[in-house]
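Each chain, written out:
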Amino acid sequence: MTIAYVRTYSNKQEAESQKSAIEQFAKEKKIKISKWLKDAKNSSQEEKRLEDVIKNLQDGDTLIVTDVTRLSRKLMEIIHLILLCIEKKVALYCIKEGYSFVNSVDNKTQAFTFGLVSEIDGKLISTRTKEALTACKNKGTKLGRPLGSPQADFLLSKKSEIEGKLNEKNTTYAELADYYKISLSSFKHFIRENIPNRPTRRKNKKDTE
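First, a word on scope: everything that follows refers to the structure included in this document. Quantities reported herein were computed from a predicted structural model and do not represent experimental measurements.

Description of the overall build of the chain
Okay, so step 1: If you tally the helices and strands in the chain, you get 9 helices and 5 strands.
Okay, so step 2: Walking the chain from its N terminus toward its C terminus, one meets helices and strands in the order β-α-β-α-β-α-β-β-α-α-α-α-α-α.
Okay, so step 3: Taking as baseline every contact in the chain between residues at least 6 positions apart, the subset at least 24 positions apart corresponds to 67%.
Okay, so step 4: Carbon together with sulfur atoms contributes 50% to the accessible area of the chain, which is approximately 13,000 Å² in total.

See the structure below:
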């Protein structure tokens, strides 16, 4: 028996993407999928359900997921499920990473190596970050640096004065940044964003630092 496992955490469109990837993988490996198992939540109930499914599989059965983070969002739970598959002699394929686990000493060692654990942990962090950003975008939350800040508001209040100083001969960005008590990079950013038709500056050593 071959189980294809699809799990989504936030984006419903991921289900179709995972299904397509698994179908393509099965076609290339000439594997016939016996059953599709889908979960759409991130909870211990879904992880327990997958664990029960693996426990009921037999020697020689196969479990396919698109990537290792679909097993769980918790590192130790992922390792537990991998080892459970190895113990049950169930072949586990994680398509994206190219992982394949079967019942062998080499795979047991691999499951516990620091490199694999670190890689999976890194993927979990990356996955959670991407999904959090996607959720924020879907809610209409603006990402990136806030448009307003006390420093920016201060410079905006001095915009006319700054424009006048920029027109003075030999005045440099570094000198103006020191005068307004801000960093050179912040001053340059303000100029780019708020005074697009600025005159060409004569650079001195500080400006190029």
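Focus on helix H9 (residues 184-194)
Okay, so step 1: Within H9 the residues assigned to the buried category are Leu184, Phe187, Phe190 and Ile191. Looking straight down H9, one finds its buried side chains confined to an arc of 125°; they lie on one side. Summarising the geometry of H9, the exposed residues directed more than 90 degrees from the buried face are Ser185 and Glu193.

So, unusual backbone geometry
Okay, so step 1: A positive phi angle, near 55°, is found at Lys30, a position not held by glycine.
Okay, so step 2: Lys30 sits in the exposed class, given a relative accessible area of 77%.
Okay, so step 3: Within the chain, Lys89 stands out as a residue other than glycine whose phi angle is a positive 60°.
Okay, so step 4: Position of Lys89 relative to the elements: it lies in the loop between helix H3 (75-87) and strand S4 (91-94).
Okay, so step 5: Here Lys89 falls in the partly exposed class, since its relative accessible area comes to 40%.

Regarding the sheet that holds strand S3 (residues 62-65)
Okay, so step 1: Here we have 5 strands laid out as an open sheet, ordered S2-S1-S3-S4-S5, and mixed in their pairing. The open sheet has two edge strands with one neighbour each: strand S2 (35-39) and strand S5 (99-101). In this sheet, neighbouring strand axes are inclined to one another by 15° on average, regardless of whether the strands run parallel or antiparallel.
Okay, so step 2: Inspection of the sheet shows S4 paired to S5 by 3 bridges, in the antiparallel sense. Across the sheet, the residue bridging to Tyr93 is Ser100, located in S5.

Topic: the pattern of salt bridges
Okay, so step 1: Applying the stated criterion across every chain yields a total of 4 salt bridges.
Okay, so step 2: Glu51 is paired through a salt bridge with Lys55; the nearest N and O atoms lie 3.4 Å apart. Of this pair, Glu51 and Lys55 both sit in helix H2 (residues 44-56), 4 residues apart, which is roughly one turn of that helix.
Okay, so step 3: Judged by relative accessible area, Glu51 falls into the buried class, the value being 13%.

A short note on the packing of helix H7 (residues 159-166) against H9
Okay, so step 1: Packing of H7 against H9 brings their axes to within 12 Å, and their N-to-C directions diverge by 100°. By the angle between their axes, H7 is roughly perpendicular relative to H9. Across the interface between the two elements, Lys159, Ile162 and Leu166 of H7 pack against Phe187, Phe190, Ile191 and Asn194 of H9.
Okay, so step 2: Residue classes in the contact of H7 with H9 are distributed as 5 nonpolar, 1 polar and 1 charged.

Concerning the nonpolar core
One recurring pattern in soluble globular proteins is that nonpolar side chains are buried together.
Okay, so step 1: Membership of the largest hydrophobic core comes to 22 residues, with the highest contact counts inside it found for Leu50, Ile54, Leu63, Val68, Leu71, Ile82 and Leu92.
Okay, so step 2: Broken down by secondary-structure element, the contributors of at least two residues to this core are strand S1 (2-7), H2, S3, H3, S4 and S5.
Okay, so step 3: Counting residues per element, this core draws most heavily on H3, which supplies 6 residues.
Okay, so step 4: If you look at the next biggest cluster of nonpolar residues, it comprises 14 residues, including Leu155, Phe190, Ile191 and Ile195.

A closer look at H3
Okay, so step 1: Here H3 contains 13 residues, and its C-alpha end-to-end distance of 18 Å stays within 8% of the 18 Å for a straight helix at 1.5 Å per residue.
Okay, so step 2: Regarding H3, the residues found buried are Leu75, Glu77, Ile78, Ile79, Leu81, Ile82, Leu84, Cys85 and Ile86.
Okay, so step 3: Remark: Lys89 follows H3 within two positions and exhibits a positive phi of approximately 60°.

Quick look at the side chain of Thr2
Okay, so step 1: With respect to the helices and strands, Thr2 occurs in strand S1.
Okay, so step 2: Of the residues examined, Thr2 reaches a relative accessible area of 8% and is grouped as buried.
Okay, so step 3: Leave out the neighbours within four places in its chain, and Thr2 touches Ile31, Lys32, Ile33, Ser34, Lys35, Thr62 and Ile64.

Calculation criteria
- Residues numbered from 1 in each chain as written.
- Predicted model: local features only at pLDDT ≥ 70, side-chain atom pairs only at ≥ 80, totals over all residues.
- Heavy atoms only, no water.
- Helix = DSSP H or I, 4+ residues; strand = E, 2+ residues; numbered from the N terminus.
- Contact = heavy atoms within 4.5 Å.
- Areas by Shrake-Rupley, 256 points an atom, 1.4 Å probe, with all protein chains shown as cover.
- Buried < 20%, exposed > 50% of the residue type's maximum accessible area, 1.4 Å probe, protein only.
- Arc of directions from axis to C-beta.
- Pairing = 2+ DSSP bridges.
- Axes fitted to C-alpha atoms, helices over the stretch in contact; angles between N-to-C directions.
- Salt bridge = Lys/Arg side-chain N within 4 Å of Asp/Glu carboxyl O.
- Parallel < 35°, antiparallel > 145°, perpendicular 65-115°, else oblique.
- Nonpolar A, V, L, I, M, F, W, Y, C, P; charged D, E, K, R; others polar.
- Core = buried A, V, L, I, M, F, W, Y, C linked by side-chain atoms within 4.5 Å.
- Expected span 1.5 Å × (residues − 1).

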